[in-house]
Amino acid sequence: MSTTQRERFEEDGYLVLKDFWKHGELIELETQLAELGQRIVGPQFNPRNFGQYELEPATQSLLYDRLKYLPALSRMSGSPAVHDLCRELGLAHPSLMGCCNMRLDKPADSRHLFAWHQDSLYLLGSENAVTLWIPFQDVNLASGTIQVIPGSHKRGLYPFKRISDKVIAPYVPFLQRDLSLDAEVTETPETIAAERGDIVIFKQMLLHRSTPNLGQQIRWTTQLRITDLADAEYRRQRFPTGDRTNIFYVDYLGHNAQQRREQESENAAA
Ligand SMILES: O=C(O)CCC(=O)C(=O)O
């Protein structure tokens, strides 16, 4: 990786790297996806041809729930390519967060789309933690993709609000349906365009969102989440991740302690 790419990553908070998978990692994952789909949906399932089969809601959620357990996803997460990339981008001790997953975004189905957010709000992790967003096919505004606000990672955690009545307690994970951004995004977004085989890597503090799938095929993507155990502040906070605790008990630059006190007094008043 060039110095310019590293500098751009620090400046913009994301990079698209071309032709990343050199050892068949993507093909292996797609082959396992096809096997899984054929078992759950039926023999006509084909990840590249949505015209060939029906995906009823109950079958879709059965499939969706199993995607993150594909063995090739673990292999990809633990691959030397991913580890070396993270090291090059400044994570001195890259470690997986327990939330690597795959998405299935059907044409004209907006239910799973994410509005503007920072992954750190939900996933926690070190301030320099990264998400690798890996498309199985070309992505653009037609197929659906993500948009980002370059440089937004430098502003720390944005204000957020609780949108569910989930109780604030130490061991309760807070998800997209529980918390949302509490700020207007007025900056011009950058639309990510990438091809099959590329990866998009972005800082978990970067503001980003989904765009709808306007095409005919399912948009398949994988998300790998990686934190840095060498970060002294992260260690001081006892290495929190979003599957075990929540933002109200992690202190990114002091913002959240105040927000927790406010929410706790609201809870007490209710
Ligand atoms: O793939 C998408 O539409 C959005 C994914 C995303 O925002 C995330 O995984 O953090």
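So, here is what we can say about the structure in this document. (Residues numbered from 1 in each chain as written. Predicted model: local features only at pLDDT ≥ 70, side-chain atom pairs only at ≥ 80, totals over all residues.)

Overview of the overall build of the protein
Link 1 in the chain: When its secondary structure is counted, the protein shows 8 helices and 11 strands.
Link 2 in the chain: For 270 residues, the compact-globule estimate of 2.2 N^0.38 gives 18 Å, and the protein sits close to it at 19 Å.
Link 3 in the chain: Its C-alpha atoms give the protein principal-axis dimensions of roughly 55 × 50 × 35 Å.
Link 4 in the chain: Within the protein, buried positions represent 32% of all 270 residues.
Link 5 in the chain: By sequence separation, contacts in the protein at least 24 residues apart represent 81% of the contacts at least 6 residues apart. (Helix = DSSP H or I, 4+ residues; strand = E, 2+ residues; numbered from the N terminus. Rg over C-alpha atoms; globule rule 2.2 N^0.38 Å. Buried ≥ 20, exposed ≤ 12 C-beta atoms within 10 Å, placed from the backbone. Contact = placed C-beta atoms within 7 Å.)

Structural notes on the sheet that holds strand E8 (residues 190-191)
Link 1 in the chain: The antiparallel open sheet is built from 3 strands, whose spatial order is E8-E5-E10. A strand with exactly one partner marks an edge of an open sheet, and here the two such strands are E8 and strand E10 (208-210).
Link 2 in the chain: Direction of pairing for strand E5 (residues 146-148) relative to E8: antiparallel, over a ladder of 2 bridges. For Val148, the partnering residue across the bridge sits in E8 and is Glu190. (Pairing = 2+ DSSP bridges.)

A short note on the environment of Val185
Link 1 in the chain: One can find Val185 in the loop between strand E7 (179-181) and E8.
Link 2 in the chain: A C-alpha to C-alpha distance of 25 Å links Val185 and Thr221, two positions 36 residues apart in sequence.

Remarks on the site of the ligand
Link 1 in the chain: Lining the immediate environment of the ligand, one finds Arg103, Phe114, Asp119, Thr131, Ile146, His208, Ser210, Thr221 and Gln223.
Link 2 in the chain: Sorting the residues of the shell around the ligand by element identifies E10 and strand E11 (219-228) as the ones contributing at least two each.
Link 3 in the chain: Of the residues in the shell around the ligand, the class split is 2 nonpolar, 5 polar and 2 charged. (Near = placed C-beta within 6 Å. Nonpolar A, V, L, I, M, F, W, Y, C, P; charged D, E, K, R; others polar.)

What to know about the pairing of E11
Link 1 in the chain: When you tally the buried positions in E11, you get 9 out of 10 residues, the bulk of the element.
Link 2 in the chain: Inspection of the sheet shows strand E2 (residues 94-96) paired to E11 by 3 bridges, in the antiparallel sense. Counterpart to Pro94 in the pairing with E11 is Asp228.
Link 3 in the chain: With 5 bridges joining them, strand E3 (residues 101-105) and E11 adopt antiparallel strand pairing. Across the sheet, the residue bridging to Asn101 is Gln223, located in E11.
Link 4 in the chain: Here strand E4 (residues 130-135) pairs with E11 via 6 bridges, running antiparallel.

A word on helix H2 (residues 25-40)
Link 1 in the chain: Between the first and last C-alpha of H2 there are 23 Å, a value that for 16 residues agrees with the 22 Å anticipated at 1.5 Å per step.
Link 2 in the chain: All of the buried residues in H2 are Glu25, Leu26, Leu29, Leu33 and Gly37. The buried residues of H2 all sit within an arc of 100° when viewed along its axis, so they share a single face. In H2, the exposed residues that point more than 90 degrees away from the buried face are Ile27, Glu35 and Arg39.
Link 3 in the chain: Looking at the packing, one finds that the buried side of H2 touches helix H3 (57-67), helix H4 (71-77) and E11.
Link 4 in the chain: Gly42 sits one or two positions beyond H2 and adopts a positive phi of about 140°. (Expected span 1.5 Å × (residues − 1). Arc of directions from axis to C-beta.)

Looking at the nonpolar core
Link 1 in the chain: Judged by nonpolar contacts, the single largest core of 48 residues is most densely connected at Val130, Leu132, Val148, Val200, Ile201 and Phe202.
Link 2 in the chain: Mapped by element, the contributors of at least two residues to this core are H2, H4, helix H5 (80-88), helix H6 (120-123), E4, E5, strand E9 (199-203) and E11.
Link 3 in the chain: Setting aside anything within four residues of it in sequence, one finds Val148 in contact with Tyr14, Pro189, Glu190, Ile192, Phe202, Leu206, Leu207 and His208. (Core = buried A, V, L, I, M, F, W, Y, C linked by C-beta atoms within 7 Å.)

Some details on the packing of H2 against H3
Link 1 in the chain: Contact geometry of H2 with H3 gives a least axis separation of 10 Å together with a crossing angle of 145°. In the crossing of H2 with H3, the sense of the turn from one axis to the other is right-handed. Mapping the contact onto sequence places Leu36, Gly37 and Ile40 in H2 and Thr59, Leu62, Leu63 and Arg66 in H3.
Link 2 in the chain: Grouping the amino acids of the contact of H2 with H3 by side-chain chemistry returns 4 nonpolar, 2 polar and 1 charged. (Axes fitted to C-alpha atoms, helices over the stretch in contact; angles between N-to-C directions. Left-handed = near helix turned anticlockwise from the far one by under 90°.)

Here's the deal with unusual backbone geometry
Leave glycine aside and you will find that most residues have negative phi; peptide bonds, for their part, are mostly trans.
Link 1 in the chain: With phi around 45°, Asp19 is a residue other than glycine that occupies positive phi space.
Link 2 in the chain: Summarising the element assignment, Asp19 is placed in the loop between strand E1 (14-17) and H2.
Link 3 in the chain: Phi angles above zero are rare outside glycine, and Arg238 is one such case at about 70°.
Link 4 in the chain: With respect to the helices and strands, the residue Arg238 is situated in the loop between helix H7 (232-236) and helix H8 (255-269).
Link 5 in the chain: C-beta crowding within 10 Å serves as the criterion here: with 10 such atoms nearby, Arg238 is assigned to the exposed category.

All we've got here are geometric facts, nothing functional implied.
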